[in-house]
Amino acid sequence: MDFSFDARTEELRTKLLAFMDERVYPAEAVAEEQRALLASPWDTPAVVGELKAEAKRQGLWNLFLPDAEYGAGLTNLQYAPLAEITGRSPHLAPTALNCAAPDTGNMEVLAQFGDEAQRKQWLEPLLAGEIRSAFAMTEPEVASSDATNIETRIRRDGDSYVVDGRKWYISGAMNPDCKIFIVMGKTDPDGADIRRQQSMILVPRDTPGVEVRRAMQVYGYEDHSHGGHAEVVFDGVRVPASNLIGEEGGGFAIAQARLGPGRIHHCMRLIGMAERAVELTCRRAVSRTAFGKTLAQQGVVQNWIADARVTIEQLRLLVLKTAWLMDTVGNRGAHTEIQAIKIATPRAVVEIIDKAVQAHGAGGVSQDFPLAELWASARTLKLADGPDEVHQRSLARRELKKYL
Ligand SMILES: Cc1cc2nc3c(=O)[nH]c(=O)nc-3n(C[C@H](O)[C@H](O)[C@H](O)COP(=O)(O)OP(=O)(O)OC[C@H]3O[C@@H](n4cnc5c(N)ncnc54)[C@H](O)[C@@H]3O)c2cc1C
């Protein structure tokens, strides 16, 4: 078993680490200052455009896409350590490299399932970083962790489809640069097979009947840097029939294919978030004195740091093993491991960041450190892309099958 990075990964890691130090970390405060002066907090601060241009110039662009026709052509194993580095600044770095969710999953769907016209109209500007996109599946009215519950209707009417439904927590949709929604709804709600009732369709933001109604909060934040998480209403939204992605009834299968890579990408970035939290804790601990000792000299703080290091190493190995399996036996063959990391990583990283908050005292919950925002982001990943319990249920079922 070889644990070293190959030459291409090493080269990109070196470049990316320098880009983070020289460009991304200094831009964090600048982005916030610029956002405060924007007409709308949902507009993109100018510094983000500058970061994107520089990342593109340096070849740090579309690293997530394994298909060399569209992206960097890296394997999951090559991309994992790079995504981890971007996770250290999760509100800027993934966007700067055009590797941010939900665009990444949407680009994968278009690359894999879109027809030529759809790829030309939507994939090309997304790959160029000219527009953003959103994925609209979850609905306030039904338990959406079970996609068979989705109630949004996509009705065929002549050469069009008409979309009616209400979605919420649609990430990125508050950002006016988000020009396209991939909407999941039912084309055949009475169909016999509950996994063939759903379809996915492309809905341009400016189509009459699309209303981006409000920004849903995350623990009281509006999450401006992620383009928010919007409630979106589709009221008699008419789009050409050619906007359907793949075939009628194919939505469920596309959703499954989309979520595998998306889940591991989240876990890769979460490890970077945990590394940032540990780094901040160590810096704080050596520089702050309470009751005659630095925090670093307190056994309890040492335990937090040691436990965090042990956990991060375990998580990273599991992520890398999963990435390797995805490359060698495919996403289906890596199903158990993808679910395992999606359960293990947010849970553990929330704990690590929580200890980092504690070590920072009041500063930990403040806007002067990134920890509060990191904690909220990590916590939401126990829900987003499927709640922990749903993954636990299906992982346990596969495990139990061996004994039935
Ligand atoms: C910050 C954020 C961003 C998001 N971004 C998007 C997005 O871009 N697009 C999108 O479509 N959605 C998005 N979501 C929604 C997310 O995917 C859903 O919240 C998630 O799938 C759960 O669906 P639900 O909220 O309807 O919860 P429900 O389905 O109502 O489930 C509630 C709880 O029930 C429990 N539960 C459910 N099923 C089981 C089971 N089988 N066994 C045991 N317990 C169970 C779980 O604890 C679960 O948390 C986002 C959510 C958040 C918080």
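The model shown is predicted, which means the values in this text are computed figures rather than measured ones.

1. Remarks on the pairing of strand E5 (residues 198-204)
Link 1 in the chain: Counted residue by residue, E5 has seven buried out of seven residues, so it is predominantly covered.
Link 2 in the chain: Sheet analysis places strand E4 (residues 178-186) next to E5, joined by seven bridges and oriented antiparallel. The residue of E5 that forms the bridge with Phe181 is Val203.
Link 3 in the chain: Sheet topology note: the E5/strand E8 (residues 244-245) ladder contains two bridges and is antiparallel. In the sheet register, Ile201 faces E8, and the bridge partner there is Leu244.

2. Section: the pattern of salt bridges
Link 1 in the chain: Counted by the stated rule, this structure contains 26 salt bridges.
Link 2 in the chain: Put simply, Glu54 and Arg23 hold a salt bridge, and the shortest N to O gap is 3.7 Å. In this pair, Glu54 is assigned in helix H2 (residues 46-57) and Arg23 in helix H1 (residues 7-37), connecting sequence segments 31 residues apart.
Link 3 in the chain: Look at Arg23 and you get partly exposed, because its relative accessible area is 37%.
Link 4 in the chain: Residues Glu275 and Arg309 are paired through a salt bridge, measuring 3.0 Å at the closest nitrogen-oxygen approach. Of the two residues, Glu275 sits in helix H7 (residues 251-287) while Arg309 sits in helix H8 (residues 299-333), which places them 34 residues apart along the sequence.

3. A short note on the domain arrangement of the chain
By convention, interface size is frequently given as the accessible area that disappears when the constituent parts associate.
Link 1 in the chain: As assigned here, the chain comprises domain 1 (7-114), domain 2 (132-245) and domain 3 (252-401).
Link 2 in the chain: Taken together, the contact pairs 17 residues of domain 1 with 20 residues of domain 2.
Link 3 in the chain: Summing the contributions of domain 1 and of domain 2, the shared interface buries around 1,500 Å²; its carbon and sulfur component is 59%.
Link 4 in the chain: Contact with domain 2 buries surface across domain 1, with Trp42, His91 and Asn106 losing the most and accounting together for 42% of the total.

4. Digging into the site of the ligand
Link 1 in the chain: Around the ligand sit 20 residues in total, of which Phe135, Met137, Thr138, Ser145 and Tyr169 are the nearest.
Link 2 in the chain: Backbone polar atom of Ser144 to an oxygen atom of the ligand: 2.9 Å apart, as the coordinates give it.
Link 3 in the chain: In this structure, Ser145 approaches the ligand through a side-chain N or O atom, which is 2.5 Å from an oxygen atom.
Link 4 in the chain: Calculation on the ligand without its partners gives an accessible area of 980 Å², and the protein chains cover 68% of this total.
Link 5 in the chain: For the shell around the ligand, the secondary-structure elements that each account for two or more residues are strand E1 (132-136), strand E3 (160-171) and helix H11 (388-401).
Link 6 in the chain: When we break the shell around the ligand down by domain, the ones giving at least three residues each are domain 2 (132-245) and domain 3 (252-401).

5. Overview of the pairing of E1
Link 1 in the chain: Counted residue by residue, E1 has five buried out of five residues, so it is predominantly covered.
Link 2 in the chain: Burial along E1 is two-sided: the residues Arg132, Ala134 and Ala136 and Ser133 and Phe135 are all buried.
Link 3 in the chain: Pairing of E1 with E4, which is carried by five bridges, proceeds in the parallel orientation. Considered in E4, the bridge of Phe135 is made with Ile182.

6. Here's the deal with unusual backbone geometry
Link 1 in the chain: Following Ala101, the chain continues to Pro102 via a peptide bond in cis, the omega torsion being 0°.
Link 2 in the chain: Positive phi values are uncommon outside glycine, yet Tyr219 reaches one of about 50°.
Link 3 in the chain: Using a relative accessible area of 51% as the deciding quantity, one classes Tyr219 as exposed.
Link 4 in the chain: Here the phi dihedral of Asp223 falls at roughly 55°; this positive angle occurs in a residue that is not glycine.

7. Details of the nonpolar core
Link 1 in the chain: Residues Phe19, Leu63, Leu97 and Ile353 are the most contacted members of the largest nonpolar core, which totals 82 residues.
Link 2 in the chain: With 13 residues, H7 is the single largest residue contributor to this core.
Link 3 in the chain: When sequence neighbours within four positions are dropped, the list of residues in contact with Phe19 reads Val24, Leu51, Glu54, Ala55, Gln58, Leu60, Ala96 and Leu97.
Link 4 in the chain: Core analysis: the second largest hydrophobic core is formed by 23 residues, Met174, Val183, Ala230 and Val237 among them.

8. Overview of empty space enclosed by the protein
Link 1 in the chain: Applying the stated criterion across every chain, the model contains one cavity of 30 Å³ or more.
Link 2 in the chain: One number sums up the size of the largest cavity: a volume of about 40 Å³.
Link 3 in the chain: If you go around the largest cavity, the residues you meet are Ala80, Pro81, Glu84, Met268, Ile271, Arg316, Val319 and Leu320.
Link 4 in the chain: For the lining of the largest cavity, the elements supplying multiple residues, two or more each, are helix H3 (76-87), H7 and H8.
Link 5 in the chain: Partitioning the lining of the largest cavity into residue classes produces six nonpolar, no polar and two charged.

9. Describing the layout of surface pockets
Link 1 in the chain: Counted as a void, the second largest pocket has a volume near 370 Å³.
Link 2 in the chain: Lining of the second largest pocket is provided by 15 residues; of these, Asp2, Phe3, Leu77, Leu320 and Trp324 occupy positions nearest its centre.
Link 3 in the chain: Of all the elements in the fold, those that place two or more residues in the lining of the second largest pocket are H3 and H8.
Link 4 in the chain: Its residues placed into classes, the lining of the second largest pocket shows seven nonpolar, four polar and four charged.
Link 5 in the chain: When residues are assigned to domains, the lining of the second largest pocket turns out to be shared by domain 1 (7-114) and domain 3 (252-401), each giving three or more.

10. Some details on helix H9 (residues 335-359)
Link 1 in the chain: If you check H9, its first and last C-alpha atoms are 37 Å apart, about what 25 residues at 1.5 Å a residue would give, namely 36 Å.
Link 2 in the chain: Positive backbone phi, approximately 60°, marks Gly361, located one or two places after H9.

11. Looking at the packing of H3 against H7
The relative placement of two packed helices comes down to the angle between their axes together with the axis-to-axis distance.
Link 1 in the chain: Taken N-terminus to C-terminus, the directions of H3 and H7 make an angle of 45°; their axes are 6 Å apart at the nearest point. Our classification of the angle between H3 and H7 gives oblique. Judged by the twist between their axes, the crossing of H3 over H7 is right-handed. Taken together, the residues of H7 that come into contact with H3 (itself represented by Asn76, Tyr79, Ala80, Ala83, Glu84, Thr86 and Gly87) are His265, Met268, Arg269, Ile271, Gly272, Met273 and Glu275.
Link 2 in the chain: By residue class, the composition of the contact of H3 with H7 is six nonpolar, five polar and three charged.

Conventions used here
Residues numbered from 1 in each chain as written. Predicted model: local features only at pLDDT ≥ 70, side-chain atom pairs only at ≥ 80, totals over all residues. Heavy atoms only, no water. Buried < 20%, exposed > 50% of the residue type's maximum accessible area, 1.4 Å probe, protein only. Helix = DSSP H or I, 4+ residues; strand = E, 2+ residues; numbered from the N terminus. Pairing = 2+ DSSP bridges. Salt bridge = Lys/Arg side-chain N within 4 Å of Asp/Glu carboxyl O. Domains from an automatic or database assignment. Contact = heavy atoms within 4.5 Å. Buried area = accessible area lost by both parts, 1.4 Å probe. Near = heavy atom within 4 Å. Polar contact = N/O pair within 3.5 Å; in protein donor to acceptor, adjacent residues only side chain to side chain. Areas by Shrake-Rupley, 256 points an atom, 1.4 Å probe, with all protein chains shown as cover. Core = buried A, V, L, I, M, F, W, Y, C linked by side-chain atoms within 4.5 Å. 1 Å grid on protein atoms, 1.4 Å probe; cavity = no way out; pocket = protein on both sides within 12 Å on 5 of 7 lines; lining within 4 Å. Points joined across faces, edges and corners; volume = space filled by probe spheres on them. Nonpolar A, V, L, I, M, F, W, Y, C, P; charged D, E, K, R; others polar. Expected span 1.5 Å × (residues − 1). Axes fitted to C-alpha atoms, helices over the stretch in contact; angles between N-to-C directions. Parallel < 35°, antiparallel > 145°, perpendicular 65-115°, else oblique. Left-handed = near helix turned anticlockwise from the far one by under 90°.

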